[in-house]
Amino acid sequence: MAVTRSRSIDALYDAVADYDLVLTTDSPLSLALNRRLDRPRLGRFAATPRMLASGELNPQDDRSLFVRLVEETDLRYKHAAHLLENVLGCWEETGDIRAILDYERFDTAETRRVIAVIESAESAHRDLAEYRIEAGTSVAVIGEDRFTALDRSVLPADYDAIDPFVDDEFDLPPFHVFDDSTAIVDAVVDNVTPETAGDVAVVMDGGSEYPALVESAFEAAGIPFHGGPGFSDDEALRTYLRLLRTAQGDSRARVSDVRPILSHLGRAPSAVDDETFLHELDHEALRPLQAFCRTVDDHTFGQALTTFEEWGGRSLDAFREELRALGLHDERVTTDSVADLEFYLQTFDVPVDRDDAGVLLADATAAAYVDRPVVFHLGMDVDWTHRVLDRPWIDADETDEQYLREFQILLQNGQDRYYLVQETSAGQPVTPCLYFHDLLDGDLETFGDLPHVAHARRRTSDGETGFETAAVDVAPAEIETVSQSSLNTFLNCPRDYFFDAIVDTPDRDYFRKGTLFHDYAEFSVNHPDVVEDADRSELVDLMLAEMRPYVPDIELEPLATELEIGLDTIERFIADDPPTDREYSLYEQQEGDNVFADHFGTSIDSPITERWFEDPQLGGKGKVDLIHAPETLLDYKSGGRTSASTVVSRSDIQEISDDPDFQALLYLAHHRREFPDERLEFVFFHFLELVDDVVAGGSTGDSADAPARKPDLEDALVRITYHPTSFGTYAGSREAFDALCAGVAESNDRRKTLERLGYDAYASFFERHDVPATDDPDALLATAFATRFTEHAKSEVGDYVYVENGTKSALKTLLRIRGRNYFADELDAFEDFLDDQIDRINRYRASQFPVGEPNVDRVTHRDLIRTDD
């Protein structure tokens, strides 16, 4: 790919070295030319017109005039900045400060006020309009087409125009395509040392992710750099602004909202508290911040800054002076004034003293020239395209053509130049800078359409990606047991399981609500007499007080209704079906807090509530909410009810579900060790399932005066039965036969067929035939097993249509029974499966946990996991 060849800075210097004065609109070019002077000279050699007229190295009229405007007018910051941009822009393009008034929609009272202030103020623009070059001065002008009318006003009648281009083509080197921005930055750092830093420049979009990545990478590598972070990029300044926004904003800010502030001040609480409302958390480190937020309206900006400086142990003197210049230092902090201050810092460049040693970090849209022998161009995407303002005094086509010429110059800077880009980002194609489309004949969608070299992710010498590692001669500790929740996480995403072990997860409102209901259920079993005598509103208020740190005020009233109904549902269940109180040898009590026990000053000592087991032989561990009876385990659920078949399907070990759940399977596998060869049951009690029915007043169709019927508790229960036999044995049992004969409304043909067949003939068939291992009804009916069963029934009952229909219905019903129950062979297989998973975990603990192919909606630590690994 070729572009028009531009002259190098050295070639331009050779062309203009004999002139008295060289003018260009590119400030970095003027500085570069001055650096090449080989003999002393009086006055300036190279300058921009504004530098020449003002005598300043970096004149910034927009900022100084903006400060003057907000001092002398009542214009809001954004309006003042908009008007200033228009007036100065039109003045530059036309050479007349009042030319903007020739455009009807811009001829307003506010515009005239701005003009009046600018005319009365000293500025580089006014200096430029009045400046004249001394007669007899030989003048060279580089890039005359970039001179505005105001720039041209200083030019003498006679001068020489120097074209920055030559009549030749320049072949661009190939683009280097990387997988991601981190790989690009790694490539730059790998090729720069502290000793060579002064020879290197990095050009990138100042608003992209690259500046922060490059700066942090250079800092970590000890490589000096300059030209990057500006005044408003100071972390302390940004934290101060965040503090003011938080204090002036929503009083229900959460700890996570202020964690950057707390981290900067070195007083951050545990991440477990992230979802807690700031003003509801009793934490010593938070009290100064809480007090500041409550009284922020009484602070001036200066007083707030003093407080912040005392907290952080660092003075922000330059920022304090900026507050004084804006007239904000002694003003009260308000929402509008904070917004104005943020707008000012985002819009205007405040000068900072900086060392000019090291790598030069340059903004791709700030200038065309970069005076370094080695130049890295990063990103080069659509954000490298200049924005052309839609103003009547601007010729958009001409301006865009000028920007295209500057872009071609920018591409040719340096003796060695490297274009480091991405073809895709976050799964989406990266659009190259639009100027490439103008330069290239043909379609261009991604950098893959240009000559390029693809680079795989950088690896260290040992073949691993990421940080450097050092060998540690310590054998990793192996685990013997895993909980059902950890198993579910591991099977969905092994790396998510790993992060669960090392990263704190914040408490959330639904976690806290569930815990409170569990506490109440446990307390109700331990102290039914206290519950019976307790004032229900007192219990609800106690729970609301615990939930208040997590729930907005507007949600407290409906939450109170939900809590009251949930408590009533739990109380009804325990009263209607009291649990059996007895000891169990394979469970133990685990110490833990209970809000209700603490409130009433009682203890929790029942042998059937919140019982812990850890079974290395099985490989499982967990906590049973309630051992309701010797043969029944119960788990309280605050979420929506599902079906028994869904529970069973989500615990399939052959085809792992996108939403795996092995709780019932794991707990039953352990409980059958306490009661071998017994029929067991696991019950999910979805105690909030009935809330809508209760709120609606019970069943429809009742008269208005009739008392509302309470919903059936069975609608909140999901029961899964464990049969201590294989499914094949169960299928031929009296229990299975009776179950198939039930449900007359569902299939009269099935009942009629089986009753006439009789249990003995039914059982004899299953003794001689094995049930196929399938969960697909159509596949089952297509087997020889199904054909033989129908033939057997016909030989015993007769060759009738209802017999054929009845046998098909019986087999499909058997399959449904299998799909909502567990059997001994399934639990046996699960125990082997559990052993295999623990072996996998221990292997990964000794190496690395892979990402796998997770259901990302179920990943907890989504921000820490790359799914393209």
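So, how was this worked out
- Residues numbered from 1 in each chain as written.
- Predicted model: local features only at pLDDT ≥ 70, side-chain atom pairs only at ≥ 80, totals over all residues.
- Heavy atoms only, no water.
- Helix = DSSP H or I, 4+ residues; strand = E, 2+ residues; numbered from the N terminus.
- Rg over C-alpha atoms; globule rule 2.2 N^0.38 Å.
- Buried < 20%, exposed > 50% of the residue type's maximum accessible area, 1.4 Å probe, protein only.
- Contact = heavy atoms within 4.5 Å.
- Areas by Shrake-Rupley, 256 points an atom, 1.4 Å probe, with all protein chains shown as cover.
- Lys, Arg positive; Asp, Glu negative; His and termini not counted.
- Charge placed at Lys NZ, Arg CZ, Asp CG, Glu CD.
- Pairing = 2+ DSSP bridges.
- Axes fitted to C-alpha atoms, helices over the stretch in contact; angles between N-to-C directions.
- Parallel < 35°, antiparallel > 145°, perpendicular 65-115°, else oblique.
- Left-handed = near helix turned anticlockwise from the far one by under 90°.
- Nonpolar A, V, L, I, M, F, W, Y, C, P; charged D, E, K, R; others polar.
- Polar contact = N/O pair within 3.5 Å; in protein donor to acceptor, adjacent residues only side chain to side chain.
- Patch = residues over 30% accessible without salt bridge, like charges linked within 9 Å, V, L, I, M, F, W, Y side chains within 5 Å.
- Salt bridge = Lys/Arg side-chain N within 4 Å of Asp/Glu carboxyl O.
- Phe/Tyr/Trp six-rings, centres within 6.5 Å; stacked < 30°, edge-to-face > 60°.
- Lys NZ or Arg CZ within 6 Å of the ring centre and 35° of its normal.
- Core = buried A, V, L, I, M, F, W, Y, C linked by side-chain atoms within 4.5 Å.
- pLDDT = per-residue confidence, 0-100.

With respect to the overall build of the protein
Piece 1. Along the backbone of the protein there are 36 helices and 23 strands.
Piece 2. A compact globule built from 869 residues should have a C-alpha radius of gyration of about 29 Å, whereas the protein, at 38 Å, is more than 25% larger.
Piece 3. Based on the C-alpha atoms only, the size of the protein along its principal axes is roughly 125 × 65 × 65 Å.
Piece 4. Taken across its 869 residues, the protein has 48% of its residues classed as buried.
Piece 5. For the protein, long-range pairs separated by at least 24 residues make up 73% of all intrachain contacts whose partners lie at least 6 apart in sequence.
Piece 6. Total accessible area on the protein is roughly 42700 Å²; 44% of this is exposed by carbon and sulfur atoms.
Piece 7. In the protein, the 81 positive side-chain charges and the 177 negative ones have mean positions that sit 2 Å from each other.

Focus on the sheet that holds strand 7 (residues 175-178)
Strand-to-strand pairing in sheets goes through backbone hydrogen bonds, with the strands running parallel or antiparallel.
Piece 1. One open sheet holds the seven strands; their spatial order is 9-10-8-11-12-7-15, and the pairing between them is parallel. Edge strands, defined here as strands with exactly one partner in the open sheet, are strand 9 (225-226) and strand 15 (452-454).
Piece 2. Relative to strand 10 (residues 359-363), strand 8 (residues 200-204) runs parallel, the two sharing four bridges. The partner of Met204 across the bridge, within strand 10, is Asp363.
Piece 3. The sheet contacts of helix 9 (residues 181-190) involve strand 7, strand 8, strand 11 (374-378) and strand 12 (416-422), and relative to strand 12 the element is tilted by about 160°.

What about the packing of helix 4 (residues 61-72) against helix 6 (residues 109-120)?
Piece 1. Direction vectors running N to C along helix 4 and helix 6 enclose 120°, while the axes themselves pass 10 Å from each other. With respect to helix 6, the axis of helix 4 lies oblique. Handedness of the helix 4/helix 6 crossing: right-handed. Facing helix 4, whose interface residues are Leu65, Arg68, Leu69 and Glu72, helix 6 presents Val114, Val117, Ile118 and Ser120.
Piece 2. Its residues placed into classes, the contact of helix 4 with helix 6 shows five nonpolar, one polar and two charged.

Remarks on the side chain of Arg672
Piece 1. The residue Arg672 is located in helix 27 (residues 663-674) in this model.
Piece 2. Taking the relative accessible area as the measure of exposure, Arg672 reaches 13% and is therefore buried.
Piece 3. Only 2.7 Å separates the side chain of Arg672 from the side chain of Asp828, close enough to count as a polar contact.
Piece 4. Other than its neighbours up to four places away in sequence, Arg672 contacts Leu680, Tyr722, Ala824, Leu827, Asp828 and Glu831.

A look at the environment of Lys710
Piece 1. Positionally, Lys710 belongs in the loop between helix 28 (691-696) and strand 22 (717-723).
Piece 2. On the accessibility criterion, Lys710 (55% relative accessible area) is exposed.
Piece 3. The spacing of Lys710 and Leu172 is 538 residues in sequence and 79 Å in space, taken between C-alpha atoms.

Some remarks on a negative patch on the surface
Piece 1. The grouping of Glu478, Glu480, Glu588, Glu614, Asp832, Asp835, Asp836 and Asp839 at the surface amounts to a negative patch.
Piece 2. It is helix 36 (residues 824-845) that contributes the most residues to the negative patch, four residues altogether.
Piece 3. Position of Asp836 relative to the elements: it lies in helix 36.
Piece 4. We classify Asp836 as partly exposed; its relative accessible area is 45%.

A look at the pairing of strand 18 (residues 609-615)
Piece 1. Counting buried positions along strand 18 yields six of seven residues, so the element is predominantly enclosed.
Piece 2. Pairing of strand 17 (residues 588-589) with strand 18, which is carried by two bridges, proceeds in the antiparallel orientation. Among the inter-strand pairings, Gln589 is bridged to a residue of strand 18, identified as Arg611.

Thoughts on the packing of aromatic side chains
Piece 1. In this structure the tally under the stated criterion is 56 aromatic pairs.
Piece 2. Every member of this aromatic cluster is reached through a ring pair, and the members are Tyr584, Tyr587, Phe613, Tyr667, Phe675, Phe682 and Phe684.
Piece 3. Over the ring of Tyr584 we find Arg582, and its NZ or CZ is 4.5 Å from the ring centre.
Piece 4. The positively charged end of Lys752 is found above the aromatic ring belonging to Tyr802, 4.2 Å away from the centroid.

Some thoughts on the packing of helix 30 (residues 734-741) against helix 35 (residues 801-818)
Piece 1. Relative to each other, helix 30 and helix 35 sit at 115°, their axes nearing to 10 Å. Crossing hand, helix 30 versus helix 35: right-handed. Where helix 30 abuts helix 35, its residues Ala736, Ala739 and Leu740 lie against Ala810, Thr813, Leu814 and Ile817.
Piece 2. Here the residues of the contact of helix 30 with helix 35 are counted per class, giving six nonpolar, one polar and no charged.

As for the environment of Gln422
Piece 1. For Gln422, the location among the structural elements is in strand 12.
Piece 2. Given a relative accessible area of 7%, Gln422 falls into the buried group.
Piece 3. For the pair Gln422 and Phe447, spaced 25 residues apart in sequence, the C-alpha separation works out to 7.2 Å.
Piece 4. Those residues within four positions of Gln422 in sequence are excluded, and the remaining contacts are Val177, Phe178, Asp179, Asp180, Ser181, Ile184, Glu209, Tyr210, Val430 and Phe447.
Piece 5. Within polar-contact distance, the side chain of Gln422 engages the backbone nitrogen of Ser181 at 3.4 Å.
Piece 6. Side chain to side chain, Gln422 and Tyr210 meet in a polar contact 3.1 Å long.

Looking at the pattern of salt bridges
Pairs may arise between side chains of opposite charge once their charged atoms sit close together.
Piece 1. Inspection of the entire model under this criterion finds 40 salt bridges.
Piece 2. Residues Arg391 and Glu85 are paired through a salt bridge, measuring 4.0 Å at the closest nitrogen-oxygen approach. A residue pair is termed long-range when its members are at least 10 positions apart, and Arg391 in the loop between strand 11 and helix 17 (396-411) and Glu85 in helix 5 (residues 77-94) qualify at 306 residues.
Piece 3. Classification of Glu85 by relative accessible area gives partly exposed; the value is 36%.
Piece 4. With its nearest N and O atoms 3.2 Å apart, the salt bridge here joins Glu119 to Arg98. In this pair, Glu119 is assigned in helix 6 and Arg98 in the loop between helix 5 and helix 6, connecting sequence segments 21 residues apart.
Piece 5. Taking the relative accessible area as the measure of exposure, Arg98 reaches 38% and is therefore partly exposed.
Piece 6. Here the residues in one salt-bridge network are Asp615, Arg672, Arg673, Asp828 and Glu831, joined through shared partners.

Details of the nonpolar core
Piece 1. Ranked by internal contacts, the top residues of the largest apolar core, which has 83 residues, are Phe685, Tyr822 and Phe830.
Piece 2. Of the residues forming this core, the biggest block, nine residues, is contributed by helix 24 (residues 556-576).
Piece 3. What Phe685 contacts, discounting residues up to four positions off in sequence, is Thr569, Ile570, Phe573, Leu634, Asp635, Tyr636, Lys637, Ala716 and Leu717.
Piece 4. Of all hydrophobic cores here, the second largest spans 78 residues; its members include Leu83, Val141, Ala304 and Val350.

Some remarks on the sheet that holds strand 2 (residues 21-23)
Piece 1. Spatially, the four strands line up as an open sheet ordered 3-2-4-5, and their pairing is parallel. A single partner strand is all that each edge strand has here, and the edge strands are strand 3 (46-47) and strand 5 (160-162).

A look at the confidence of the model for the protein
Piece 1. A residue-level look at the protein finds 93% of positions with pLDDT of 70 or above and a mean pLDDT of 89.
Piece 2. Segment residues 460-465: pLDDT under 50, and six contacts once partners within four positions in sequence are set aside and those in other chains are kept.
Piece 3. pLDDT under 50 marks residues 699-703. Its contacts with residues more than four places away, or in other chains, come to two contacts.

Some words on helix 32 (residues 759-768)
Piece 1. All of the buried residues along helix 32 are Ala761, Tyr762, Ala763, Phe765 and Phe766.
Piece 2. Its buried side turned inward, helix 32 meets helix 29 (727-731), helix 30, helix 31 (748-757), helix 34 (784-797) and helix 35.

What to know about the side chain of Ser483
Piece 1. Note that Ser483 resides in strand 16 (residues 482-483).
Piece 2. Classification of Ser483 as buried rests on a relative accessible area of 15%.
Piece 3. In terms of polar contacts, Ser483 uses its side chain to reach the side chain of Ser485, at 3.2 Å.
Piece 4. When residues no more than four places from it in sequence are discounted, the contact partners of Ser483 are Lys621 and Leu666.

Quick look at unusual backbone geometry
Piece 1. Backbone geometry at Met380 places phi at a positive 55°, although glycine is not the residue there.
Piece 2. Residue Met380 is classed as buried on the basis of its relative accessible area of 0%.
Piece 3. Residue Glu610 is not a glycine yet carries a positive backbone phi of 50°.
Piece 4. Structurally, Glu610 is set in strand 18.
Piece 5. We classify Glu610 as buried; its relative accessible area is 12%.

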